[in-house]
Amino acid sequence: MLEFTRQVAGVYHRKIGDVLVTGLSDGYVDMGYTIFRNIPEEETKAILARDHRISPPRISVNAFALRMNGRTYLIDCGSADIMGPTCGRLPANLAATGIDPASVDGVLLTHVHPDHSNGLTDVATGARLFPNAEVIVHENEINHWFNDELMAKAAERPRRRYFEAGRTQLKPYMAADRVRTFRKGEVLPGVTAIPIAGHTPGHTAYVIASGGQTLIVWGDTVHVPEIQVARPEVTMEFDSDPQAAASARQMVFDMVVSDDMLIGGMHLHFPGFGHMRREAGRYSLVAEQWAFEI
Ligand SMILES: [Zn+2]
């Protein structure tokens, strides 16, 4: 009789030079076909069927931990309870990898959206869940989500889930003077921010370089990899600026292909590492082989 209905832990370690990078699953969310723009529904269905994927489309949610120079950082921090019962698993997976939230020195955000930043603060108490961490985020994210005029213009759901939830998550860190903003460039030793605005105004990829090895954590360059790798022009209903999001995706795809970079993706299926290639003008994603030894 099958006793397990869940995998044991969504934790996967990988070395990039001297940096221990850990993929951490926050879970997944199954969305309807209406999330896509720029593609007929039958085509998304055909791509998912071809690739033996779950229908309706499943969005996996990952964060990454970096342990380097005796310090611990997270890139994004999970969704807590805002995305429903299939998400919010990051705290358990963090515990499984032996990281005490109080030991986290910094949380780098790829952007402020509930599946990336809602793990910062306990909404019931306003307590910082990473009490000793600074939050490191692109200045455009703060400027955008804290703009009252834009918030007033937003439809009810994005206003609640993006503007209000984002503010609730960030305010306790701001009050404690624990938010550091950047525009681009090196944000930590060996970690460089690359702005890829479009999905949100301050959407950022982070390049981690150590010992001659490189990893790009590309945030939400894709949400449903099967669809947006095959069809990079497909945008999402929750892109702030869909056209800019599509251009940024094309720029990142070209960069990772020409530099043959290892990718870490927030919405690649766990453990979220892989490479891309381009053949006859079409992209494909090759998941990295499971490493038995770190
Ligand atoms: Zn996302």
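Below is a summary of the structure that appears in this document. Owing to the predicted nature of the structure, the values given are computational and were not obtained by experimental measurement.

Cut-offs and rules
- Residues numbered from 1 in each chain as written.
- Predicted model: local features only at pLDDT ≥ 70, side-chain atom pairs only at ≥ 80, totals over all residues.
- Heavy atoms only, no water.
- Buried < 20%, exposed > 50% of the residue type's maximum accessible area, 1.4 Å probe, protein only.
- Helix = DSSP H or I, 4+ residues; strand = E, 2+ residues; numbered from the N terminus.
- Pairing = 2+ DSSP bridges.
- Polar contact = N/O pair within 3.5 Å; in protein donor to acceptor, adjacent residues only side chain to side chain.
- Contact = heavy atoms within 4.5 Å.
- Arc of directions from axis to C-beta.
- Salt bridge = Lys/Arg side-chain N within 4 Å of Asp/Glu carboxyl O.

Points about the pairing of strand S2 (residues 19-30)
And then number 1: Counting buried residues in S2 gives 9 out of 12 residues, a clear majority hidden from the surface.
And then number 2: The pairing of S2 with strand S4 (residues 58-68) spans 10 bridges and is classified as antiparallel. In the sheet register, Asp30 faces S4, and the bridge partner there is Arg58.

Details of the side chain of His111
And then number 1: Note on placement: His111 falls in the loop between strand S6 (106-108) and helix H3 (114-117).
And then number 2: Here the side chain of His111 touches Thr110 through a polar contact of 2.9 Å, side chain to side chain.
And then number 3: For His111, the side chain forms a polar contact with the side chain of Asp220, separated by 3.2 Å.
And then number 4: Beyond its immediate sequence surroundings of up to four residues, His111 is in contact with Asp76, His116, Ser117, Glu141, His199, Thr200, His203 and Asp220.

Some thoughts on the pairing of strand S12 (residues 213-217)
Residues in a regular strand project their side chains so that they alternate between the two faces of the sheet.
And then number 1: With 5 bridges joining them, strand S11 (residues 204-210) and S12 adopt antiparallel strand pairing. By the bridge assignment, Val207 is partnered in S12 with Ile216.
And then number 2: Hairpin connection of S11 to S12: 2 residues between the antiparallel strands, including Gly211 at a positive phi of 55°.

As for helix H1 (residues 41-50)
And then number 1: Looking only at H1, the buried set comprises Thr44, Ile47 and Leu48. Looking straight down H1, one finds that the buried residues subtend no more than 95° of arc, so they occupy a single side. Among the exposed residues of H1, those oriented more than 90 degrees off its buried face are Glu42, Ala49 and Arg50.
And then number 2: A positive backbone phi angle near 55° is found at His52, which sits one or two residues after H1.

Some thoughts on the pattern of salt bridges
And then number 1: Taken as a whole and judged by the stated rule, the model has 16 salt bridges.
And then number 2: We note a salt bridge from Asp30 to Arg58, for which the minimum N-O separation is 2.8 Å. Residue Asp30 is located in strand S2, and its partner Arg58 is located in strand S4; the two are separated by 28 residues in the primary sequence.
And then number 3: Judged by its relative accessible area of 37%, Asp30 is partly exposed.
And then number 4: Glu237 is paired through a salt bridge with Arg37; the nearest N and O atoms lie 3.9 Å apart. Of this pair, Glu237 sits in the loop between strand S13 (235-236) and helix H8 (242-258) while Arg37 sits in strand S3 (residues 36-37); the two residues are 200 residues apart in sequence, bridging distant segments of the chain.
And then number 5: When salt bridges that share partners are traced, they join Glu43, Arg231 and Glu233 into one network.

Read these as geometric descriptors, not functional statements.
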